[in-house]
Amino acid sequence: LSSSPLNLSVSDVKSWDTCPFKGYVQSVLKIRKLNYESDKADHFLNGDILHETIEESLKEKNTLENIDVETLQKNLCSAIEKSKKRGRIPDEATENHIYSSIWRKLCGFKESKGLEYYGDKRLVANETSFSGHILGENVKLNGRFDTILEDEEGKLYILDYKTKGDKDWSKDNLDEMSLQVILYYILLKSDTAQKGISVDSECIVESGGFYSLNDKKFKIVWPTVEEQGFTLDAVLINANDRINSIL
């Protein structure tokens, strides 16, 4: 990557894996777009509002299966109001568009495919930061977990929220599986990483996955459905090969 020490986010590594040129420009040359197209700006804003809506609802109800429509709607309105006060929503028309576009998909959250897998796990933490030299002494990796859940046996579950999830998950190709939750796993299991919560490196991380708002599905990276046959070992070996090609 570079002869100088690097500070990389999990998103930087994900970008590098998807497009090496983009990763180099962003991570090494530090060149980033200052002006985004309006639809790109809306994408970031909608994503922030989605995260806050689900995370605040989960904080109130403690498990995903306990979140009801009324709680989601209340927290969506609250998240939009906060964005207005921060100056991110310029007018009423934009506000109405954001509300309707998110709520149209979020109102069916209780019927999301795969909810039963994560539904009864209790909340451990939302928006938790981790960092460490897990990719080598020359690279410090920084990650911010959306949600960490825990089952009755104390096993942990990593969950990330996406307005779109089609580029982060593949049903039959490990090379197209996003490195994001895999790097979160490595950070969580590291005995040297700085962690925003107290987690033993010997903990069992049972699963990592995404919630895709776009198609209302919980997409599990591991352990995956039987017809895929992706074990955690296979996922980690694949991720290690891809990371080594970057470094």
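All figures in this text were calculated on a predicted structure; none of them were measured in a lab.

Undergrad: When you look at the nonpolar core in this model, what are you seeing that I'm missing?
TA: For soluble globular proteins, nonpolar side chains are generally found buried alongside one another. The biggest cluster of nonpolar side chains holds 34 residues, and the ones touching the most others in it are Leu 141 and Leu 188. Where this core is concerned, the elements lending two or more residues are strand 1 (6–9), helix 1 (10–18), strand 3 (139–150), strand 4 (156–162), helix 7 (180–189), strand 6 (205–212), strand 7 (217–222) and helix 8 (232–246). Counting residues per element, this core draws most heavily on helix 7, at 7 residues. In this structure, Leu 58, Leu 149, Tyr 157 and Tyr 161 belong to the second largest nonpolar core, which totals 28 residues.

Undergrad: In this structure, what is going on with the pairing of strand 1? I would like to understand it.
TA: Successive residues of a regular strand alternate their side chains across the two faces of the sheet. What you see with strand 1 is a clean split: Leu 6 and Leu 8 sit on the buried side and Asn 7 and Ser 9 on the side with no burial. In this sheet, strand 3 lies alongside strand 1 in parallel orientation, the contact comprising 4 bridges. In the strand pairing of strand 3, Leu 6 is matched with Val 139.

Undergrad: I'm lost on the pattern of salt bridges in this one. Help?
TA: Oppositely charged side chains may form a pair once their charged atoms are brought near each other. Counted by the stated rule, this structure contains 14 salt bridges. Residue Glu 56 is joined to Lys 59 by a salt bridge in which the shortest nitrogen-to-oxygen separation is 3.2 Å. You can see Glu 56 and its partner Lys 59 sitting in helix 3 (residues 38–61), 3 residues apart, about one turn around the helix. The exposed category is assigned to Lys 59, whose relative accessible area is 52%.

Undergrad: For this particular structure, what's the right way to read the pairing of strand 7?
TA: Taking burial as the measure, the 6 residues of strand 7 include 5 buried ones, the bulk of the element. Sheet topology note: the strand 6/strand 7 ladder contains 5 bridges and is antiparallel. From the neighbouring strand, Ser 212 faces strand 7, where its bridge partner is Lys 217. Adjacent in sequence and paired antiparallel, strand 6 and strand 7 are bridged by 4 residues, among which Lys 216 carries a positive phi angle near 55°.

Undergrad: What is the right way to look at the confidence of the model for the protein chain in this model?
TA: Close reading of the predicted structure is inappropriate where its pLDDT is low. Of the residues in the protein chain, 82% have a pLDDT of 70 or more, and the chain-wide mean is 83. Predicted confidence for residues 34–41 stays below pLDDT 50, and this span has 2 contacts to residues more than four positions away or in other chains.

Basis of the calculations
Residues numbered from 1 in each chain as written. Predicted model: local features only at pLDDT ≥ 70, side-chain atom pairs only at ≥ 80, totals over all residues. Heavy atoms only, no water. Core = buried A, V, L, I, M, F, W, Y, C linked by side-chain atoms within 4.5 Å. Buried < 20%, exposed > 50% of the residue type's maximum accessible area, 1.4 Å probe, protein only. Helix = DSSP H or I, 4+ residues; strand = E, 2+ residues; numbered from the N terminus. Pairing = 2+ DSSP bridges. Salt bridge = Lys/Arg side-chain N within 4 Å of Asp/Glu carboxyl O. pLDDT = per-residue confidence, 0-100. Contact = heavy atoms within 4.5 Å.

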